[in-house]
Every structure is written in structure tokens, then in C-alpha cells.
Amino acid sequence: MTMSILHRATGLANYAGMTLFVIWLVAAASGQEALNVVNAVYGSWFGQLVLFGFTWSLVHHMLGGLRHFVWDFAVMMEPGQRERMAWATIIGSVILTLLIWTFFVWMA
Amino acid sequence: MRETVITQQTIADPKSRYGDSRASTRHFITQRLSGAINIAFLLLLLFLVVRLAGQDRPDMVAVIGNFWIGLPLAVLIGVVAIHMRNGMRDTLEDYVHGATYRLAMLLNTLFCLVLALAGIGAVLRLVFWG
């Protein structure tokens, strides 16, 4: 139940977040001035906060999608299995997001 | 367009048929296929952001302008847009109906189309015109 809502919520967040990626690409294509503005906004503390949330949202939605692939083979559907897979998704998404930011942002 | 009312009896009866079976199956397969391809998109996105975040235009041209990065990226942006439109359709179907649904779906399609065209256009500009 919660995971279904989260999958949908992260899907909607990714829908919006994809706009951020396209804005970056369009700015790069149009010129250095536009790219400077986008880099300043995305590099600000608020921009970084949004991008961190976007990273988690993408990772969570991907793991949720993989969970659906597993279910497509009609396995892991029993009570207990489902809950374990739900916890694995949510804990895995947080760990993966932290790993991505640790290695590519904070330590880079 | 008149919509058939689906009652509990309709759903409970295994012999009843409702919805568009062909369109729904296509929707399902499209969503799973594009979802799987999106894993490749995420890896490419991660590579691009790690490599290019905060960088100047010449760096972006050097990386995205590479034929083997730019062209797959352009294709993957299109696949993402399809996945976005399909996913939003699932959500809209649950919450809005009738004329409101058709309007919302129209806006959804337009948004995804504009996003895909803008993204692909920007990438192609970096690839072919630098």
C-alpha cells in the first residue's frame, strides 16, 4: 500500500524532475549565459536539495520497477516476502542514493 | 463518447469484458519495456551529471557532442517521455473521468511531447552544431 503510493509519488516527482534535466540541456544548447544561470540555481543549497531528492526519487522508482518485474514472474507475492521486498526497496534506495552522493558529490 | 459503467458485478464476473484489451496490453508492454530501457537512461544520466555538473559549455559540447553519447541520449529521452506519458495516464485514469480526463490527457501528451522535442533538439544541436 505505502509502496504503491511511493511508486506513484516518485513517478510524479520524476515527471517533474525530468524537466530540470531538459532545462539544463536546453540551456547548454542555447549558450554560456543561460548555462551559467542554470548552474548557479542547481548549484545553490536549494538546488542541491532538490537534486538530492530527485536522485532518491529516481533510484526508488527504478527499484520499485524492478520489484514489478519480479512480480511479473508470479514470485515473491506471499505475505512476508512482499514486506521483505518492500523494506529492501526502501532501504536500498536510501543506501544507493547516499552512495551516489558520497562518492560523486561529497568526496569528489 | 459514452462511457460504460463498470459495476462490482461486472468486475466479479470472470466472463465479463470491459476496457480495451488490446490497448491495455500494449500499454502494459510499453510501460515494462520503456521502464527496462530507462535503467540504461539512468546510468547515462548519472555519468553525464557526474561528469558535467557545473561545467561550462565547451565541456558539455565535448561530452554530449560525442556521437556515441549524444545519439543514445536523444533516443533515451524519447523513451523516457513515452514512459512518463503512460505513467501519468495510469494516475489520471484513477482520479479524473470524462471530459476532465480527456483534457488532462491532452495536456499530459502535449507536455511530454514538448519536453521530448526540447530535450532531443538540445542534444542534437550539441551533437551537430556544437
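To start, this report covers the structure provided alongside it. (Residues numbered from 1 in each chain as written. Chains lettered and ligands numbered in written order. Predicted model: local features only at pLDDT ≥ 70, side-chain atom pairs only at ≥ 80, totals over all residues.)

### A short note on the overall build of chain A
When helices and strands are counted, chain A shows four helices and zero strands. Moving toward the C terminus, one meets the helices and strands of chain A in the order α-α-α-α. A globule of 108 residues ought to have a C-alpha radius of gyration of about 13 Å, yet chain A, at 17 Å, is considerably larger. If you line up chain A on its principal axes, its C-alpha atoms span 55 × 25 × 20 Å. When burial is assessed residue by residue, chain A has 21% of its 108 residues classed as buried. By sequence separation, contacts in chain A at least 24 residues apart represent 71% of the contacts at least 6 residues apart. (Helix = DSSP H or I, 4+ residues; strand = E, 2+ residues; numbered from the N terminus. Rg over C-alpha atoms; globule rule 2.2 N^0.38 Å. Buried ≥ 20, exposed ≤ 12 C-beta atoms within 10 Å, placed from the backbone. Contact = placed C-beta atoms within 7 Å.)

### Some details on the overall build of chain B
If you tally the helices and strands in chain B, you get five helices and zero strands. Put simply, chain B runs from its N terminus to its C terminus through helices and strands in the order α-α-α-α-α. Projected onto the principal axes, the alpha-carbon positions of chain B cover approximately 65 × 25 × 20 Å. Within chain B, the proportion of its 130 residues that are buried is 20%.

### What to know about the interface of chain B and chain A
Counting from both sides, the interface comprises 22 residues of chain B and, opposite them, 21 residues of chain A. When residues in the side of chain B that touches chain A are grouped by element, the largest group, seven residues, is from helix α5 (residues 98–128) of chain B. Here the residues of the side of chain B that touches chain A sort into 14 nonpolar, five polar and three charged. (Nonpolar A, V, L, I, M, F, W, Y, C, P; charged D, E, K, R; others polar.)

### A short note on the packing of helix α1 (residues 2–30) of chain A against helix α3 (residues 45–72) of chain A
Residues and elements named next belong to chain A. Running from amino to carboxyl end, α1 crosses α3 at an angle of 130 degrees, the nearest separation of the two axes being 8 Å. Classed by the angle they form, the pair α1 and α3 counts as oblique. Between α1 and α3 lies a crossing of left-handed hand. Counted together, M3, L6, H7, T10, G11, A13, N14, G17 and L20 of α1 and F54, S57, L58, H60, H61 and G64 of α3 form the full contact between these two elements. When its residues are assigned to classes, the contact of α1 with α3 shows six nonpolar, nine polar and no charged. (Axes fitted to C-alpha atoms, helices over the stretch in contact; angles between N-to-C directions. Parallel < 35°, antiparallel > 145°, perpendicular 65-115°, else oblique. Left-handed = near helix turned anticlockwise from the far one by under 90°.)

### Observations concerning the nonpolar core
In this structure, A28 of chain A together with I77 and V123 of chain B are the most contacted members of the largest nonpolar core, which totals 27 residues. Within the residue set of this core, elements represented by two or more residues are α1 of chain A together with α3 (57–64), α4 (67–95) and α5 of chain B. Aside from chain neighbours lying at most four places away, what touches V123 of chain B is L25 of chain A together with I64, G70, L73, A74 and I77 of chain B. (Core = buried A, V, L, I, M, F, W, Y, C linked by C-beta atoms within 7 Å.)

### Quick notes on the environment of L44 of chain B
Examined against the element boundaries, L44 of chain B turns out to sit in helix α2 (residues 21–52). Measuring from C-alpha to C-alpha, the distance between L44 of chain B and F28 of chain B comes to 25 Å, with 16 residues separating the pair along the chain.

### Some thoughts on the packing of α3 of chain A against helix α4 (residues 81–106) of chain A
Residues and elements named next belong to chain A. It is at 9 Å that the axes of α3 and α4 come closest, and there the two elements cross at 140 degrees. Crossing of α3 over α4 shows right-handed handedness. Across from F52, T55, W56, V59, H60, L63, G64 and R67 in α3, the residues of α4 making contact are M85, T89, G92, S93, V94, L96, T97, I100 and W101. Residue composition of the contact of α3 with α4, grouped by class: nine nonpolar, seven polar and one charged.

Any functional reading would require information beyond the geometric quantities listed.
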